[in-house]
Amino acid sequence: MRKKIIPYLLVSPYLIYFLVFMAFPVGFSFFLTFTNWNIISPIEYAGLSNYKRLVNDAVFWKSLLNTFIFLIIHIPLQIIVSLFLAELLNQKIRLRGFFRAAFFLPVIVSGVVVTIIWQQLYGFDSGLLNRLLIKIGFSKVGWLTDPNLAMPSIAIMATWKNVGLYIVLFLVGLQTVPPQFYEAAELEGATHMQKFFKITLPIINPTIFMVVVLSTIGGFSLFIEPYVMTGGGPMNSTMSAVLYIYKQGFFYYHMGYAATLGLFFALLILAVVIIQKKFVERD
Amino acid sequence: MKKIFLYIFLSLAAIIFIYPFFWMVTASLASEKEIGSLIFLPSSFTFSSYLQLFDKIPILRAFFNSIVVSFAITLCVLVFGSMVGYALSKLEFKGRNLIFYIVIFTMTLPFQITLIPQYILIVKFKWVDTYAGLIAPYFMNALAIIMFRQYFKSIPQDLIDAARIDGCGELRIIFGILWPNSIPAIVTVGIITFMTSWNEVLWPLIVVRNENLMTLPQLITLFVVGGRAESQLGVKLAAATVLALPIIIAYLFFQKYFIQSMTSSGMKE
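For clarity, every value in this text was computed on a predicted model and none was experimentally measured. (Residues numbered from 1 in each chain as written. Chains lettered and ligands numbered in written order. Predicted model: local features only at pLDDT ≥ 70, side-chain atom pairs only at ≥ 80, totals over all residues. Heavy atoms only, no water.)

J.: Whenever I open this one, the overall build of chain A confuses me. Can you help?
T.: What chain A contains, in helices and strands, is 13 helices and two strands. Relative to the 2.2 N^0.38 estimate, which gives 19 Å for 283 residues, the radius of gyration of chain A is 24 Å and therefore markedly larger than a compact globule would have. Of all 283 residues assigned to chain A, the portion counted as buried reaches 53%. In chain A, 64% of the contacts between residues at least 6 apart in sequence involve partners at least 24 apart. Working note: accessible area of chain A is about 13,300 Å², and carbon and sulfur atoms make up 70% of it. (Helix = DSSP H or I, 4+ residues; strand = E, 2+ residues; numbered from the N terminus. Rg over C-alpha atoms; globule rule 2.2 N^0.38 Å. Buried < 20%, exposed > 50% of the residue type's maximum accessible area, 1.4 Å probe, protein only. Contact = heavy atoms within 4.5 Å. Areas by Shrake-Rupley, 256 points an atom, 1.4 Å probe, with all protein chains shown as cover.)

J.: Whenever I open this one, the packing of helix α5 (residues 111–121) of chain A against helix α7 (residues 147–174) of chain A confuses me. Can you help?
T.: In helix packing, the relevant descriptors are the interaxial angle and the interaxial distance, both defined with respect to the helix axes. Residue and element names in this part refer to chain A. Running from N to C, α5 and α7 cross one another at 130°; their axes reach a closest spacing of 11 Å. One way to sum up the angle between α5 and α7 is to call them oblique. Remark: the crossing between α5 and α7 carries right-handed chirality. Here Gly111, Val114, Thr115 and Trp118 of α5 lie close against α7, whose contacting residues are Ile156, Met157, Trp160 and Lys161. In terms of residue class, the contact of α5 with α7 is made up of five nonpolar, two polar and one charged. (Axes fitted to C-alpha atoms, helices over the stretch in contact; angles between N-to-C directions. Parallel < 35°, antiparallel > 145°, perpendicular 65-115°, else oblique. Left-handed = near helix turned anticlockwise from the far one by under 90°. Nonpolar A, V, L, I, M, F, W, Y, C, P; charged D, E, K, R; others polar.)

J.: Could you clarify how one ought to interpret the packing of aromatic side chains in this entry?
T.: How two aromatic rings sit relative to each other is set out by the distance from centre to centre and by the angle between their planes. By the definition in use, this model includes 44 aromatic pairs over all chains. When the centroid spacing of 5.2 Å and the interplanar angle of 15° are considered together, the rings of Phe223 of chain A and Tyr227 of chain A count as stacked. Like Phe223 of chain A, the residue Tyr227 of chain A is buried in the burial classification. Put simply, the rings of Phe98, Phe99, Phe103, Trp118, Tyr122, Trp143 and Trp160 of chain A together with Phe17 and Phe21 of chain B pair up and form one aromatic cluster. Above the plane of the ring of Tyr257 of chain A lies Arg53 of chain A, whose end atom (NZ or CZ) is 4.0 Å from the centre. When the ring centre of Phe100 of chain B is taken as origin, the NZ or CZ atom of Arg149 of chain B, which lies over that ring, is 3.8 Å away. (Phe/Tyr/Trp six-rings, centres within 6.5 Å; stacked < 30°, edge-to-face > 60°. Lys NZ or Arg CZ within 6 Å of the ring centre and 35° of its normal.)

J.: What's the story with empty space enclosed by the protein in this structure? I'm lost.
T.: Leftover empty space is mapped by rolling, across the atoms, a probe with the size of a water molecule. All names here are of chain B. For the structure on display, the rule yields four cavities of 30 Å³ or more. Within this model, the largest cavity holds a volume of roughly 90 Å³. Along its surface, the largest cavity is lined by Ser66, Val69, Ser70, Ile73, Leu134, Tyr138, Ser197, Glu200, Trp203, Pro204 and Thr215. For the lining of the largest cavity, the secondary-structure elements that each account for two or more residues are α4 (59–90) and α12 (202–207). (1 Å grid on protein atoms, 1.4 Å probe; cavity = no way out; pocket = protein on both sides within 12 Å on 5 of 7 lines; lining within 4 Å. Points joined across faces, edges and corners; volume = space filled by probe spheres on them.)

J.: Would you explain the environment of Gly169 of chain B in this entry?
T.: Tracing the chain through its elements places Gly169 of chain B in the loop between α9 (157–165) and α10 (170–178). In the structure, Gly169 of chain B is positioned 93 residues away from Met262 of chain B in sequence and 33 Å away in space, judged by C-alpha atoms.

J.: Would you take a moment to explain the environment of Gln255 of chain B for this structure?
T.: Of note, Gln255 of chain B is situated in helix α14 (residues 233–265). Between the C-alpha atom of Gln255 of chain B and that of Lys2 of chain B, which follows or precedes it by 253 residues, the distance is 29 Å. Apart from the residues within four sequence positions on either side, Gln255 of chain B is in contact with Gly97 and Ala101 of chain A.

J.: Help me understand the interface of chain A and chain B, please; the structure alone is not making it clear to me.
T.: Buried accessible area, meaning the area lost when the parts come together, often serves as the stated size of an interface. Across the contact, 87 residues belong to chain A and 91 residues belong to chain B. Across the chain A/chain B interface, buried area totals approximately 7,900 Å², and carbon plus sulfur atoms make up 80% of it. Among the residues chain A hides against chain B, the three largest losses belong to Leu10, Tyr14 and Phe21 of chain A. Together they make up 10% of the total. There are zero salt bridges connecting chain A and chain B. There are eleven residue pairs in polar contact (both at pLDDT 80 or more) connecting chain A and chain B. The greatest single-element share of the side of chain A that touches chain B, amounting to 19 residues, is contributed by helix α1 (residues 2–32) of chain A. Among the residues forming the side of chain A that touches chain B, the class breakdown is 66 nonpolar, 16 polar and five charged. (Buried area = accessible area lost by both parts, 1.4 Å probe. Salt bridge = Lys/Arg side-chain N within 4 Å of Asp/Glu carboxyl O. Polar contact = N/O pair within 3.5 Å; in protein donor to acceptor, adjacent residues only side chain to side chain.)

J.: I tried to follow the side chain of Thr106 of chain B on my own but got confused; where do I start?
T.: As for its placement among the helices and strands, Thr106 of chain B is situated in helix α5 (residues 96–108). In this structure the side chain of Thr106 of chain B is engaged in a polar contact, spanning 3.2 Å, whose partner is the side chain of Tyr14 of chain A. Once you skip the residues sitting within four places of it in the chain, Thr106 of chain B turns out to touch Tyr14, Phe18 and Met22 of chain A together with Ala142 of chain B.

J.: Explain a nonpolar patch on the surface to me, please; I cannot follow it from the model alone.
T.: Among the surface-exposed residues, Met1, Ile4, Phe5, Ile8, Leu12 and Ile15 of chain B lie close enough to one another that they form a single nonpolar patch of about 670 Å² accessible area. Mapped onto the elements, Met1 of chain B comes out in the segment before α1 (2–28). (Patch = residues over 30% accessible without salt bridge, like charges linked within 9 Å, V, L, I, M, F, W, Y side chains within 5 Å.)

J.: Which parts of the structure should I look at to understand the packing of α4 of chain B against helix α13 (residues 216–225) of chain B?
T.: All names here are of chain B. In contact at an axis separation of 7 Å, α4 and α13 are set at 140° when each is read in the N-to-C sense. When the axis of α4 is compared with that of α13, the two are oblique. Between α4, through Ile59, Ala62, Phe63 and Ser66, and α13, the contact on the second element is made entirely by Leu216, Pro217, Leu219 and Ile220.

J.: Just checking my understanding: could you explain the layout of surface pockets for this structure?
T.: Looking at the second largest pocket, its volume works out to about 990 Å³. Lining the second largest pocket we find 24 residues, and of these Glu87, Leu88, Asn90, Gln91 and His192 of chain A sit closest to its centre. Residue assignment for the lining of the second largest pocket shows that the elements contributing at least two residues are α3 (58–89), α8 (179–187) and α9 (192–203) of chain A together with α1 of chain B. Tallied by class, the residues present in the lining of the second largest pocket amount to 14 nonpolar, five polar and five charged.

J.: Would you explain the side chain of Thr193 of chain B in this entry?
T.: Residues and elements named next belong to chain B. You can see Thr193 is positioned in helix α11 (residues 183–199). Judged by relative accessible area, Thr193 falls into the buried class, the value being 6%. Sequence-distant contacts of Thr193, defined by excluding residues within four places in its chain, comprise Ile73, Thr74 and Val77.

J.: Looking at this structure, how should I read the pattern of salt bridges?
T.: Note on pairing: side chains with opposite charge can pair once their charged atoms come close. Inspection of every chain in the model, using the stated rule, returns four salt bridges over all chains. Between Lys140 of chain A and Asp125 of chain A there is a salt bridge; the shortest N-O distance is 2.9 Å. Of the two residues, Lys140 of chain A is situated in the loop between α6 (128–135) and α7 and Asp125 of chain A in the loop between α5 and α6; the sequence distance between them amounts to 15 residues. Of the residues examined, Lys140 of chain A reaches a relative accessible area of 34% and is grouped as partly exposed. Look at Asp125 of chain A and you get exposed, because its relative accessible area is 56%. Residue Glu170 of chain B pairs with Arg164 of chain B through a salt bridge whose shortest N-O separation is 3.1 Å.

Below, the structure is given as structure tokens:
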């Protein structure tokens, strides 16, 4: 008898965690979407009004568009830069460990640190980037103050932060390419480009998809960068969905509406990630 | 010749990744006036940014809070994660597969959906402004379970059977026999868990409003956003340095393990 109970005792921390911090919140979240609640006064039934509000909420749709803009810039940039650097590091060179460690440095520090540093780099008057631009004869750029540029600027910063991780992933991928393939291609007189596109790329395809999926999830959780750097501005151009949910919930205490946004957004993320995974499996 | 270009290019790239941190540290030691024009080293070093920082916000207290919270979360995740991982890999019981599928499923669940109701839960538990509120939602972790399960699978059953014959209980088996044989798994899960909880900002921002209970990244975020830094760049950079330094120092010592951990889990912030 005792023997039978032991496994359940061992998994009980997980069951408690799942019921209390996962299952109940998801169920409760669904219930909350039909209510208005500011935490203090009693919960008030609101029918579908939160959903109606969501459909007409220009700022929320703007935040989704912003996320899309972020991903469109961030993902290709991430793949190109990290794959390129991984290719360079995959050759017989000295100090490979040093370079790898250097590129990895931004990965480990808090997003807050990265954001504080880059806020200065992007500064309009005394920012390092604009000072460099002026030195080589260009005019200043409103990295964070121009509504068309603010989100791309954040996407560039996010790439800088995460490239190190993907370099290492690509390095692992590149090492799975059998060297005989390259030798055979060299005998046939293939160029560097041909080798890369015909041999390397098809073999590391799974890694590329992994990068796409991880960057997508990362992009969907964008919060601290716009929160610290721009507060979502200028003109909501860097308002991310998580930042908007946070504002609705914890600035205005619209718990019901924030839950509705959270539910809708989570379903959207799940759909996108499932589509991406299907795409990988078909490959 | 080609090699030289390769090294020059890689060095330039490395500078792009290291220089901003170097600048952060030197600028935090420069006078406020000089920061705007600083490229390399300041003409003279001063600790005034740090003194002001310590004067303005309870940063030592926040540092202590971060240590408490990160260590507690890491310990819980290691202990409970290995218990569940052991049960799922080495014990036979009804519902084992179901539980495993639930673990996998919860990994795909975006946190955006649980954010609001988890906060309400913490309010109902009266855990707002407590360590419990910061720790409880993170005491367990699906990724840790999966990694422990995977690692324990590779440990021979004979070892466990022998321990049972010697009269070991299941907890003794986990912590006395499996743990010493699973150092790589423990290091991996430990580093990832510690790092993510050390760097977490959103959840503390939500459940803690009392300055004395704030974690380091949270306090610094509010300091920078809330205008108390009074647009003094030096103080902001000093704050960023205080936040980054412990992790960077740990990284310099255990670089290999950091990189292995992060890549074997394929995670990102």
